[in-house]
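# Coordinate analysis (summary)
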Amino acid sequence: MGGAVSAGEDNDDLIDNLKEAQYIRTDMVEQAFRAIDRGDYYLDAYRDSAYKDLAWKNGNIHLSAPCIYSEVMEALKLQPGLSFLNLGSGTGYLSTMVGLTLGPYGVNHGVELHRDVVEYALDKLDYFIKNSDSFDKFEFCEPVFVVGNCLEIATDSHQYDRIYCGAGVQKDHENYMKVLLKIGGILVMPIDDQLTQITRTGQSNWESKNILAVSFAPLVQQSRGDGEKAPDSVQLPPVTVRSLQELSRVYIRRTLRSLAPDDDQDKSAPRVPQKRKRRRCRRRRINTYVFVGNQLIPQMVDSEGEDHNEEEHSKEPEEEAEGEERDIGDIEIIKQVNLLRDQILALPLPEPLKAYLLYFREK
Ligand SMILES: C[S@@+](CC[C@H](N)C(=O)[O-])C[C@H]1O[C@@H](n2cnc3c(N)ncnc32)[C@H](O)[C@@H]1O
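Residues numbered from 1 in each chain as written. Predicted model: local features only at pLDDT ≥ 70, side-chain atom pairs only at ≥ 80, totals over all residues.

Okay, the site of the ligand next. Close to the ligand lie 22 residues; Gly88, Gly90, Thr91, Leu113 and Gly166 are nearest. Among the elements of the structure, β2 (61-63), α4 (93-102) and β4 (107-112) are those that each provide at least two residues to the shell around the ligand. Its residues assigned to classes, the shell around the ligand comprises 11 nonpolar, 10 polar and 1 charged. (Near = placed C-beta within 6 Å. Helix = DSSP H or I, 4+ residues; strand = E, 2+ residues; numbered from the N terminus. Nonpolar A, V, L, I, M, F, W, Y, C, P; charged D, E, K, R; others polar.)

When pLDDT is averaged along the protein chain, the result is 83, and 78% of the positions lie at 70 or above. Counted against residues more than four places away or in other chains, residues 265-329, with its pLDDT under 50, gives 92 contacts. (pLDDT = per-residue confidence, 0-100. Contact = placed C-beta atoms within 7 Å.)

Only a minority of non-glycine residues have a phi that is not negative, and only a minority of peptide bonds are not trans. In this model, Asp192 sits at a positive phi of 50 degrees, which is unusual for a non-glycine residue. With 12 C-beta atoms packed within 10 Å, Asp192 lands in the exposed category. Backbone geometry at Asp193 places phi at a positive 60 degrees, although glycine is not the residue there. Here Asp193 is to be found in the loop between β7 (181-191) and β8 (194-202). Among the residues examined, Asp193 registers 15 C-beta atoms within 10 Å and is labelled partly exposed. (Buried ≥ 20, exposed ≤ 12 C-beta atoms within 10 Å, placed from the backbone.)

Moving on, we come to the sheet that holds strand β3 (residues 83-87). As summarised here, the arrangement of the 7 strands in space is β5-β4-β3-β6-β7-β8-β9, forming an open sheet in which the pairing is mixed. Strand pairing shows two members of the sheet lacking a second neighbour, β5 (144-147) and β9 (205-213), which therefore form its edges. Between one strand and the next, the sheet's axes are offset by a mean angle of 15 degrees, whatever the strand orientation. Bridge analysis of β8 against β9 gives 8 bridges, and the strand direction is antiparallel. In the strand pairing of β9, Gln194 is matched with Ala213. (Pairing = 2+ DSSP bridges. Axes fitted to C-alpha atoms, helices over the stretch in contact; angles between N-to-C directions.)

Written out as structure tokens, the structure is:
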């Protein structure tokens, strides 16, 4: 699925295009997308394709298109401290972006069918924590992944404030998904070829809104032969209370961050301009890409209900296919400096304590 915006050269380019096309509409979502490089979730050999608005599949590893993730992040209306469950959590790309918005007091769980995909996600998470400056810039709610079929979650499981399902849900499973939600919570899932936002408004009441026409691979059903016993149900990770030591670390890092000059407001903060370049921004009609074997087959689809797509519908298809190029001028790319790290290293504290405050990160 995807192809709604033109290809970028790097992650910032991709986010600029998603913003320009109104898939990203809020600052919080923009910041989360900029903080995580989509290329880091690709295998190295395919990294160059990561900044196109396309789904990507290699073996069991499967990422949805960036325009889908933008709509999902917007529709989830995330806030610090909420609990989030990702059904079909895949590479952990979405769960990591969500973790940046939930902050240290949130809950961030994922269920993924394939063990090799969970291992891949844990490698990517480890890389993010060890290497990304975003880890110091944001307060992070680290995702916890379990292997299992998300259609077999134990019936006595806790409920969540926000849920996303990353694979197509059959109508039969709609209620199963809805009861995992707390009252007041929001569930986003593809059902009947529509990305749908469902809000639980009461014990037995839900409100539904279609966000976007989509085509997702369906959730894998549990295959069971005649007379075969039902598999063990999937236990979700426990919701644990943080230790006093962890809370102190969060508090100290937060205090140091608040003392640091604000990057956006203090223009005297050290910044290193890297390059200036002229971008051209292209808008297209939305395509979905359907997997047939290992091939991505483009299909034109209509998007429903959202203002930002109406403009696209009103144009001639030929014109859309060609795309519209608009010069949006010069942009200065700024390299951020990791101030928090510098502040911690300058504290008059024993080295092991500084290492703990840095989450033992060497970068
Ligand atoms: C499009 S991918 C989601 C990718 C994910 N959003 C990410 O950020 O990488 C869909 C995922 O759902 C998983 N999946 C499919 N059926 C499942 C099931 N019944 N239970 C758990 N995971 C399932 C697939 O293995 C795949 O990783």
